[in-house]
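One-letter residues, chain by chain:
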Amino acid sequence: MMPFPVTTLGPQRTPPPPKHYGISSPISLAPPRETDCILTQKLIETLKPFGVFEEEEELQRRILILEKLNNLVKEWIREISESKSLPQAVIENVGGKIFTFGSYRLGVHTKGADIDALCVAPRHVDRSDFFTSFYDKLKLHEEVKDLRAVEEAFVPVIKLCFDGIEIDILFARLALQTIPEDLDLRDDSLLKNLDIRCIRSLNGCRVTDEILHLVPNIDNFRLTLRAIKLWAKCHNIYSNILGFLGGVSWAMLVARTCQLYPNAIASTLVRKFFLVFSEWEWPNPVLLKEPEERNLNLPVWDPRVNPSDRYHLMPIITPAYPQQNSTYNVSVSTRMVMIEEFKQGLAITHEILLSKAEWSKLFEAPSFFQKYKHYIVLLASAPTEKQHLEWVGLVESKIRILVGSLEKNEFITLAHVNPQSFPAPKESPDKEEFRTMWVIGLVLKKPENSEVLSIDLTYDIQSFTDTVYRQAINSKMFEMDMKIAAMHLKKKELHQLLPNHVLQKKKTLSTEGVRLTALDDGSLDLSVNGENSTPVSSLPAASKTGPVTGSTQGRNSPAPVAMAASVTGVQFPEVSLQQANPSDSLGGASSESIPQTAPQPAVPPAPKPMVTRVVSSTRLVSHPPRPSGSAATSIANPIVGV
């Protein structure tokens, strides 16, 4: 035996190049340093009390529940196959399978979180079978509770609680005779000859699986994503329906960061996440891979072809065909809020790197109710709990329409909706009523050549309530005494509706220089701690703040919302952002060029429509018949300027 390996002469083999992730070269291939490992361990310890890690026992329970559900699906598909007289050889191997997607599939679910699942069936099993015989089979199972089917949804779903775990099950029928155990849903050929509902149902699994295949290190990705999702929830910017980002969008942003720093670990990736997306030149899209055309004639996101795609403000494109923008709900205001949160996150992680702060500071909730001088409070009420759940879901899904209308108001710079809803006090203690409210913070513009600013929001509120009522009636969901109310309150008046523990001022972040970036230099200064905000006072009693719903006449028709800001003798400083020096905070990051997306042409920012307020008579909108049957309340002449 030779004591040493023999070196043979000849051409030397060059090592294969490292695998390339994403649509551009990485920014840095630097391996983690010892300080990075220490910071990552501290990050893990900080995350634990927030319940973002599930105990092994709970995880095994989820796995067992999914196995039971998977066996139920196989059993059900066999029964369907037998009832349709398929050959015995086919029945023996017909298969059927439960796939998971969302946070559970990504491996970042929290304690008590629900599971998103997909039931995949062969071609002879119909969607109607899923919502009848499979639904009935679930109903008979002793561990299944709270079973409900939502067959008419955009993505039809069966919701249930299986042994204490909430599960949403979608359905997809593939054009296959049998469903093999090793089926890879990323295979684009599976989409051929499928109806659009099946394609939508498959999309969640396909996107989740693609994300996991497009990151260099899954463990580093997962820990970073856990931290970023917790940060987004703490800072009230985690809500797709209200115009912020949902779970899949945050996952794609973290995945892109991992691609740009493939060897970095979580503590570094969190810092780089804030660096990359505080400097990102929106509306350039975030892409995890080059978009591919499959000639299946499915609509894909492409601003070169689809004019409407050019107006998306913060596009984050799903990596699976058909590529879609997961953030089409983002508005001018929500993007502005998120970008400032990115910049604050960059400043805080800079402090953490310099040992001037702990990770816990990143997860401190900002004081939303100290941040603004003016708020709009929306209230949704219904007489029964079941009606209230449906009503709240509809109203919440339309709030972004109101935010969009407010943004177009020439006197409003920003409309920031808090994604968290709150129980509202009862109108009458003796009346059975369920009430929920949402709060929108407003930043007003500096008036020109005037000491008093007066804003009429009658049209905005009326259009919003009309839209909600119209949809409720069209979907046959509307019931008597389902109501929407809206009111304008100043900061000091919020205690009338919200308890002190909600309103109390949180510990102020030390990044005192961070302020909301305005749309123009004439906007109100808005500091994080609220101390430097411009003082605002109300108009005389004629336009005093108050509820915008009518008093005795039909509660559904809001009266004018008028707001006034006294700006006598107030200086309006330029709004700025005091940002940590990237080169100091990120180890020479100033030399790092954030690669923007190359394949897509530069997308011009969507023009902000200018709204000309025209008042011709006592009516601003054409009112449909009110749901309650009462005549529409006439609207008084709105105050447009004082």
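These numbers were taken from a predicted model, which means no experiment stands behind them.

(A) Highlighting the sheet that holds strand β2 (residues 115-121). Spatially, the five strands line up as an open sheet ordered β1-β2-β5-β4-β3, and their pairing is mixed. In this open sheet, the two edge strands, each paired with only one partner strand, are β1 (97-101) and β3 (144-150). Taking each pair of neighbouring strands and ignoring which way they run, the sheet shows an average axis angle of 25°. Taken together, the seven bridges between β2 and strand β5 (residues 165-173) define a ladder with parallel strand orientation.

(B) Structural view of the packing of aromatic side chains. On inspection of all chains with the given rule, the structure shows 28 aromatic pairs. Seen in terms of ring centroids, Trp 76 and Phe 134 are 4.9 Å apart; in terms of plane orientation they differ by 45°. Their pairing is tilted. Separated by 58 residues along the polypeptide, Trp 76 in helix α2 (residues 56-83) and Phe 134 in helix α5 (residues 127-140) bring together distant segments of the chain. The class of Trp 76 is buried, set by a relative accessible area of 1%. Given a relative accessible area of 0%, Phe 134 falls into the buried group.

(C) Examining the confidence of the model for the protein chain more closely. Averaged over every residue, the pLDDT of the protein chain is 79; the share at 70 or more is 76%. Mean pLDDT per element in the protein chain: helix α15 (residues 582-585) is the minimum at 38, and helix α9 (residues 266-278) is the maximum at 98. Contacts for the low-pLDDT stretch residues 1-10, under 50 throughout, to residues beyond four places or in other chains number zero contacts. In the predicted structure, residues 598-642 sits below a pLDDT of 50 and forms 92 contacts with residues beyond four places in sequence or in another chain.

(D) Focus on the pairing of strand β6 (residues 374-382). Counted residue by residue, β6 has nine buried out of nine residues, so it is predominantly covered. Burial of β6 is two-sided: the residues His 374, Ile 376, Leu 378, Ala 380 and Ala 382 facing one way and the residues Tyr 375, Val 377, Leu 379 and Ser 381 facing the other way are all buried. Alignment of β6 against strand β11 (residues 483-490), held across eight bridges, turns out to be antiparallel. When the bridges of β11 are listed, Ile 376 appears paired with His 488. Two strands pair when backbone bridges link them, and β6 and strand β9 (residues 434-444) are joined in this way by nine bridges, in the antiparallel orientation.

(E) Broad picture of the pattern of salt bridges. In the structure shown here, the tally under the stated rule is 25 salt bridges. The partner of Lys 48 in a salt bridge is Glu 45, with the nearest N and O atoms 3.2 Å apart. The residue Glu 54 makes a salt bridge to Arg 62 at a minimum N-O spacing of 2.6 Å. With respect to burial, Glu 54 and Arg 62 carry one shared label: buried. If you follow the salt bridges from partner to partner, you end up with Asp 188, Arg 206, Glu 210, Lys 289, Glu 292 and Arg 294 in one network.

Quick notes on the rules
- Residues numbered from 1 in each chain as written.
- Predicted model: local features only at pLDDT ≥ 70, side-chain atom pairs only at ≥ 80, totals over all residues.
- Heavy atoms only, no water.
- Pairing = 2+ DSSP bridges.
- Helix = DSSP H or I, 4+ residues; strand = E, 2+ residues; numbered from the N terminus.
- Axes fitted to C-alpha atoms, helices over the stretch in contact; angles between N-to-C directions.
- Phe/Tyr/Trp six-rings, centres within 6.5 Å; stacked < 30°, edge-to-face > 60°.
- Buried < 20%, exposed > 50% of the residue type's maximum accessible area, 1.4 Å probe, protein only.
- pLDDT = per-residue confidence, 0-100.
- Contact = heavy atoms within 4.5 Å.
- Salt bridge = Lys/Arg side-chain N within 4 Å of Asp/Glu carboxyl O.

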